[in-house]
Amino acid sequence: MSEDLLAAIVAATRRIVEVRQEAEPLAALAGRAAAAPSRQGRFFAAVSRRDAVNVIAECKRRSPSKGVLCAEYDPAAIARGYAQSGAAAISVLTEPTFFDGSLDDLRAVRAAVELPLLRKDFILSEYQLLEARAAGADAVLLIVAALRPVELKVLHEHAIGYGLDVLVEVHNTTELAIALDAGAQIVGVNNRNLRTLEVDVRASDELIAEIPSEVVGVSESGLRTPTDLARLRALGYRAFLIGEHFMTAADPGEQLRELLASAADTVDTKVTKGTEVRRL
């Protein structure tokens, strides 16, 4: 995702939110959000377990870098497959312009499964936090690269106040420092370079040492093999957000099941050999 593309997504998101807010004022949306059940802490608990390989499995129809990933996209059916296959939580893309997502997708997934749900979008405003709560999300994604530090801090505080857990996404040490200063308790390290779109899992390798032990580390993007998960788990990551690897498979749920089964075997082998080194 180039800087220009990131800026384009942010600009498009601001326009979309303006249109939505004209249709439903913030006060009315706040009323709907307040009526939604509070599930605060469920997402954090799901991704922080130390006795399991915690995968946040993603529902995503397309991406700017790869185009359409799943032509026959049924997020509710995909989510049911993930739930049956052992996902710790489910991420749902709701950004419409570049990812073909919608809040309807989130609502459909909420109606289909009981697992904790992450609204994955470019959250820029309090209004979007209320949308997430009203649509059944347990957590939201805040991307440091898309926000000024003061905006991140305010949105993080508002999200917690609205009963939402927060996954704060970073790409380098500077962004990690900003995330921690904002109070992040769950930090996602995105292995995708926002400037080049290239994926390099070494980003996760480099940042884990700087994530405090009490903060849950989540590795995102480019994860495909049991070895990837076992190695990063040994370094200290407690959860893994995986989307394209599942969404390009004929059966995303079965792909998750196979990955988790193999990853568990790999982790058990590493534990026996004493190679797990940090926060496991």
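The structure reproduced in this document is the subject of the present report. In this text the structure is predicted, and so the values were computed from the model without any measurement. (Residues numbered from 1 in each chain as written. Predicted model: local features only at pLDDT ≥ 70, side-chain atom pairs only at ≥ 80, totals over all residues. Heavy atoms only, no water.)

## Focus on the packing of aromatic side chains
Rules: Working definition: rings of Phe, Tyr and Trp (its six-membered ring) pair if their centres are within 6.5 Å, and the pair is stacked with planes under 30 degrees apart, edge-to-face with planes over 60 apart, and tilted otherwise. Counting from the N terminus, the helices are the DSSP runs of H or I reaching at least four residues and the strands are the DSSP runs of E reaching at least two. For each residue, the accessible area found with a 1.4 Å probe, counting protein chains only, is set against the maximum for its type, and the residue is called buried under 20%, exposed over 50%, and partly exposed in between.
Under the defined criterion, the tally for this structure stands at two aromatic pairs. Ring plane angle 55° and centroid distance 5.7 Å describe the contact between Tyr82 and Phe246, whose orientation is recorded as tilted. One end of the pair, Tyr82, is in helix H4 (residues 75-85); the other, Phe246, is in helix H12 (residues 244-247), with 164 residues separating them in the sequence. With relative accessibility at 0%, the residue Tyr82 sits in the buried group. Accessibility expressed as a relative area gives 0% for Phe246, which makes it buried.

## Points about the side chain of Asn190
Our working rule: Any pair of N or O atoms that falls within 3.5 Å is considered a polar contact. Within protein, one atom must be able to donate a hydrogen and the other to accept it, and sequence-neighbouring residues count only if both atoms are side-chain atoms. In what follows, residue pairs with any heavy atoms lying within 4.5 Å of each other are defined as contacts.
Tracing the sequence through the fold places Asn190 in strand E8 (residues 186-190). At 2.9 Å, the side chain of Asn190 forms a polar contact with the backbone nitrogen of Arg192. Within the local environment of Asn190, its side chain forms a polar contact with the side chain of Ser221, the two groups lying 2.8 Å apart. If we ignore the near neighbours within four places in the chain, the residues touching Asn190 are Glu169, Val170, His171, Ala203, Glu220 and Ser221.

## Topic: the pairing of strand E10 (residues 239-242)
Rules: We call a crossover right-handed when, viewed with the strands running away from us, the connection from the first strand over the helix to the second turns clockwise.
Going residue by residue along E10, you find Ala239 and Leu241 tucked away on one face and Phe240 and Ile242 tucked away on the opposite face as well. For the segment spanning strand E9 (residues 216-220), helix H11 (residues 226-235) and E10, crossover handedness is right-handed.

## Focus on the pairing of E9
Applied cut-off: For two strands to be treated as a pair, DSSP must find no fewer than two bridges joining them.
Burial runs high along E9: five of the five residues are buried. Relative to E9, E8 is paired through five bridges, and the arrangement is parallel. Bridge pairing links Val187 to Gly217 in E9. Of the pairings in the sheet, the one linking E9 to E10 comprises three bridges and is parallel in character. Within the sheet, the bridge partner assigned to Val218 lies in E10 and is Ala239.

## Overview of the pattern of salt bridges
Filter applied, for reference: Salt bridges are identified by distance alone: a Lys or Arg side-chain nitrogen within 4 Å of an Asp or Glu carboxyl oxygen.
Under the counting rule described, the total for this entry stands at 18 salt bridges. Connected via shared salt-bridge partners are Arg20, Arg119, Asp121 and Glu131.

## Considering the sheet that holds E10
Stated precisely, the cut-off is as follows: To get an axis, fit a line to the C-alpha atoms, keeping to the stretch in contact for a helix; angles then go from 0 to 180 degrees between the N-to-C directions.
Read once around its circumference, the closed barrel built from eight strands follows the order E1-E4-E5-E6-E7-E8-E9-E10, with strand pairing classed as parallel. Across the sheet, the mean angle from the axis of one strand to that of its neighbour is 25°, orientation sign disregarded. Sitting on the sheet, H4 is in contact with strand E1 (54-59) and strand E4 (89-93), with an inclination near 165° to E1. In the packing of helix H8 (residues 149-161) onto the sheet, contacts are made with strand E6 (139-143) and strand E7 (165-170), and the angle to E7 comes to roughly 155°.

## Details of helix H9 (residues 173-181)
To keep it simple, the criterion reads: The directions from the helix axis to the C-beta atoms form the arc being described.
By the burial criterion, the buried members of H9 are Glu175, Leu176 and Ala179. With its buried residues spanning 105° around the axis, H9 presents them on a single face. Those residues of H9 that are exposed and aimed more than 90 degrees away from the buried face are Thr174 and Asp181. Contacts from the buried residues of H9 go to H8, E7, E8 and helix H10 (202-207). Two residues or fewer past H9, Gly183 is found with a positive phi of approximately 100°.

## Some points on helix H7 (residues 126-135)
For H7, the tally of buried residues reaches eight of 10 residues, placing the bulk of the element in the interior. Taken together, the buried positions of H7 are Tyr127, Gln128, Leu129, Leu130, Glu131, Ala132, Arg133 and Ala135. After H7 finishes, the residue Gly136 shows a positive phi value of roughly 105°.

## Quick notes on the environment of Thr248
Looking at where Thr248 falls in the secondary structure, it is placed in the loop between H12 and helix H13 (252-273). When the C-alpha positions of Thr248 and Thr227 are compared, they lie 20 Å apart, and in sequence the two are 21 residues distant. For Thr248, the side chain forms a polar contact with the main-chain oxygen of Glu244, separated by 2.8 Å.

## Focus on the packing of helix H6 (residues 103-112) against H7
As a reminder of what qualifies: Convention used here: angles under 35 degrees read as roughly parallel, angles over 145 as roughly antiparallel, angles from 65 to 115 as roughly perpendicular, and any remaining angle as oblique. Put simply, Ala, Val, Leu, Ile, Met, Phe, Trp, Tyr, Cys and Pro go in the nonpolar bin, Asp, Glu, Lys and Arg in the charged bin, and everything else, Gly too, in the polar bin.
Where H6 meets H7, the axes come as close as 9 Å, and the angle between the chain directions of the two elements is 30°. Taken together, the axes of H6 and H7 are roughly parallel relative to one another. Here Leu103, Leu106, Arg107 and Arg110 of H6 lie close against H7, whose contacting residues are Glu131, Ala132 and Ala135. Here the residues of the contact of H6 with H7 sort into four nonpolar, no polar and three charged.

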